[in-house]
Amino acid sequence: MSRSNQDLKVDLTEEVVDFQELEDELANLDLKNAFVIDFDSKSNAITESQTLKIKDSKQFFFSALPATIEASNNDSLQSVEIIECDESINYISEKLPITPSGIIECQVLNIGITYLELHADRDSIILFPYEDEAKLYAKEYPEISFYVDIQEMMFEQEITFYRSDNNKQKFLVTPSSISRLLDYLGQEEALKCFFMIKDMEKLQLECNYKPYISTILDYYMAYPKDKRCICTTDYKAFSHPVLKSEDVHIIKWHHLPKRNIKVRPCSNTIGVLKETIEKLPDTDKVLIVYTSVSQARLSILNLKEDIQKECCILCSTYNKEDTGEFYASIDELSEILSKRITFLALNKFDIKVNDKCHLITVSDTSRGSTTMSLKDITSVYDLCKPDNILSDTVIHNTIKCYDKWNDDIALLIERADKISKLQNTADELSRGDSSLQRLFSIVKSTIKNKASGRIRGRFPNIKLTRIDAWNRCAVAYMNIDSLLLRTNLYKSYYDKPECLGTALSKLYPTITSDKLNDNQVSKEQKEREKEEKTLYKDKVAKGRLAVLDNILKLHTEGKLNMPYLEMNTRRGTRASRKIYEEVRVLYPYISIEELIAGLKTIKSGNRIGFKTFNNSVIYWALDDEHPLKLSVNKAFKVGKKYSNTEIRERMTPIIQYHLHKDWTGNERKTIALFKCFFKTIRPKREYIIQAGDKFNIHKERISKEENNLLKLLIITDSQPNKSSASIVI
């Protein structure tokens, strides 16, 4: 076994390695941190991992694959290669003979990187973010590629025929279909392929609300470093230690159309967009890319009334109701724009428009979905033929950036790492011991309920941990990467009014940038925004009632069951998924009629309302001999009056013992939970407990043996301060 402070390789091919001996050997090296993974070469699965605490001030990361264990200095390992592609280069295949391994960064679409891998002399698995793009390539290259359709009934026959007919195999997959391919191939055959992930930035942005996407990182790590690559727009938007040490190839692409862009930084995008449109000749067509249906509609409503009649919003049928009278189906789009002013309200730039028109791109930092990257802005130009573009304008606002963002993210990673290690240690210690399993299930529920976090600024809460492909708790690196991707984007292009224009001038020499247009929001615009918000809330409320009515209808028809509810928590709109989840968690305990009636009293998005309803149902569903119920009934009596102080004093020890929460001094929370347990009235300052249950018809009762109530009750700690970074833990 050879030693080096800079690099260590242990060949495992011809010897059985004693991992304890290997750890002792590593401990003698001048290293600080080493991460050893025991890789079972027969099953190609990770079977053991642990961290060694060793001496030096530098960090090393050890990753094991079936043949080798490698260790290298994280700081010195990552090499960054700049690949300059001048204007004479039309496709990347003219510059590179084969797709390089590692992270490939490029800000320009359609340079031919997928074509390069499709024609490489090796077997390949290419993962696309979306089905339509994968299908498009399969249609374009039917003889050499095979699209893995998760719904294909004849999958095994078709893939067998394809493999027998092709020496070099090119499998096109998506996050939802890759497991089907790998299950068919088996690990030995799968690891012979080169694994390529396309448009990683899109996957990063979606993984927080599509948890299954994160599994692609597990698959990626299973491949040797020289047989994998990630294509992205930002190589710095990775928090996983292995990815931070991948080789990087930055493609500087200069074969771009000659654009004469006018960049208009402003504080009010809708106001400046109105001004821009109304100054254009009233016979010219206009194509506006604004990737939000609600913002596109609001933009139209702020135009003059006669101009509004000339407008439409291109979007999917899914958004038809949101657009109202301005709806135009993206599926029915021909090359000719049907209206004089057309808004494209989705991030889909592969359509073709053959009209002469003014092209306006809006990048609105008030939402993550409407903030355009350089790649998005360069892609927009492909919508039209260059000769047909009458003018080219980019309107954008800025956003407040924080110096502490990286510190916030580092804290999230640190906490996530601690949580995942604690969860896995609990699993390890309790394996085979039912008493410990019951104890640790409570601990794990407490941790799970708190394993989320956010950073300062307008960012959502993210989950810090996930269950990986080996059924272990792991850091949710891709969720954290979604924050890195957005903060990097904001700091690079939207921190100051001139940043985006400066970045675009490096791609397109003919750029003109206005000074910041401090166009104030008019009274009329504020009123329209208020009206639209009211209409939206009404629509959401009606939509919620319609979903609940449909669930009740299915029940009366005998078609409602738990599998149906579970299936609908993963499909449909975000609002409908949430409603089905609310029904799913309480469906076993209460009659569907009472459940639907109770949920109808809760407004959409009212988390506190559902939390109260959920806790009331769960407590009511507890067996009458359940220890929590016995304790509560001993402390409180029907018909008696209790002040806030008395309730707090009696509830606090019960909460500490049964729910493992210390709410000492938190009167509001104890009172709220008390009101979930009883029917009460409050004529003056005291609560009076009334006789009778809150609900009528029991289904299942929760066993008196159930001691992990944290997985059933919704118990949250104090809300974080939204003005600064916070970790819920």
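Just so it is clear, the structure is predicted and the values come from calculations on it, not from any experiment.

### A word on the sheet that holds strand S13 (residues 248–253)
Thinking step 1. Pairing in this open sheet of eight strands is parallel, and the strands run S6-S13-S7-S12-S11-S8-S10-S9 from one edge to the other. The open sheet has two free edges, formed respectively by strand S6 (80–85) and strand S9 (145–147), since each of these has just one partner strand. When strand polarity is set aside, the average angle formed by the axes of neighbouring strands in this sheet is 20°.
Thinking step 2. Here four bridges tie strand S8 (residues 124–127) to strand S11 (residues 194–197), and the two strands are oriented parallel to one another. Its bridge partner lying in S11, Ile-125 is registered against Phe-195.
Thinking step 3. Here helix H4 (residues 131–140) sits on the sheet in contact with S9 and strand S10 (170–173), set at roughly 145° to S9.
Thinking step 4. On top of the sheet, helix H5 (residues 155–165) reaches S9 and S10; it is set at about 170° to S9, its chief contact.

### Section: a positive patch on the surface
Thinking step 1. Where like charges cluster on the molecular surface, the positive patch consists of Lys-675, Arg-682, Arg-685 and Lys-694.
Thinking step 2. With respect to the secondary-structure elements, Arg-685 resides in the loop between strand S27 (680–681) and strand S28 (687–689).

### Quick word on the environment of Leu-595
Thinking step 1. Note on placement: Leu-595 falls in helix H21 (residues 592–600).
Thinking step 2. Sequence-wise, Leu-595 and Phe-695 are 100 residues apart; in three dimensions their C-alpha atoms are separated by 9.4 Å.
Thinking step 3. For Leu-595, the residues in contact, after removing those within four places along its chain, are Val-583, Leu-586, Tyr-587, Ile-590 and Phe-613.

### Considering the pairing of strand S18 (residues 341–344)
Thinking step 1. Across the two faces of S18 the burial is the same, with Ile-341 and Phe-343 and Thr-342 and Leu-344 all buried.
Thinking step 2. Direction of pairing for strand S16 (residues 311–315) relative to S18: parallel, over a ladder of four bridges. When the bridges of S18 are listed, Leu-314 appears paired with Leu-344.

### Quick look at the nonpolar core
For soluble globular proteins, nonpolar side chains are generally found buried alongside one another.
Thinking step 1. In this structure, Ile-125 and Trp-253 are the most contacted members of the largest nonpolar core, which totals 116 residues.
Thinking step 2. Ranked by residues supplied to this core, first place goes to helix H16 (residues 477–494) with 10 residues.
Thinking step 3. Trp-253 has contacts with Cys-85, Ile-89, Asn-90, Tyr-91, Ile-92, Cys-106, Val-108, Ile-111 and Leu-507, leaving out every residue within four places of it along the chain.
Thinking step 4. Grouped together as the second largest cluster of nonpolar side chains are 53 residues, Leu-548, Ile-590, Met-651 and Leu-713 included.

### Points about unusual backbone geometry
Thinking step 1. In the Ramachandran plot, Asp-199 falls in the positive-phi region, its phi being about 50° despite a non-glycine side chain.
Thinking step 2. Residue Asp-199 is classed as buried on the basis of its relative accessible area, which comes to 3%.
Thinking step 3. One non-glycine residue, His-660, lies in positive phi territory at about 60°.
Thinking step 4. Mapped onto the fold, His-660 is located in the loop between helix H24 (644–659) and helix H25 (667–677).

Conventions used here
Counting from 1, residues in each chain are numbered in the order their sequence is written. With pLDDT at 70 or above as the cut-off, local features in this predicted model cover only qualifying residues; side-chain atom pairs require 80 or more to be listed or tallied, and sums for whole chains, interfaces and linings still use all residues. In computing side-chain values, all of the structure's heavy atoms are included and hydrogens and water are not. Pairing between strands is defined by DSSP: at least two bridges between them are needed. Strands here are runs of E lasting at least two residues and helices are runs of H or I lasting at least four, both read from the DSSP assignment and numbered beginning at the N terminus. Axis lines are fitted to C-alpha atoms, over the contacting stretch for helices. Their N-to-C directions set the angle, which ranges from 0 to 180 degrees. Contacts are assigned to residue pairs with any non-hydrogen atoms lying within 4.5 Å of each other. Only residues whose relative accessible area exceeds 30% and that take part in no salt bridge are eligible for patches, with like-charged residues grouped when within 9 Å of each other and nonpolar side chains (Val, Leu, Ile, Met, Phe, Trp, Tyr) grouped when within 5 Å. The accessible surface values rely on the Shrake-Rupley method and a 1.4 Å probe; as for residues, cover is taken only from the protein chains in view. Each salt bridge in this description consists of a side-chain nitrogen of Lys or Arg and a carboxyl oxygen of Asp or Glu lying within 4 Å of one another. When charges are tallied, Lys and Arg are placed among the positive residues and Asp and Glu among the negative ones, while His and the ends of the chain are skipped. To locate a charge, take atom NZ for lysine, CZ for arginine, CG for aspartate or CD for glutamate. Exposure is judged per residue with a 1.4 Å probe applied to protein chains only, and the accessible area is read against the type maximum: over 50% gives exposed, under 20% gives buried, and values in between give partly exposed. Nonpolar cores are built from buried Ala, Val, Leu, Ile, Met, Phe, Trp, Tyr and Cys residues. Side-chain atoms within 4.5 Å join them into one set.

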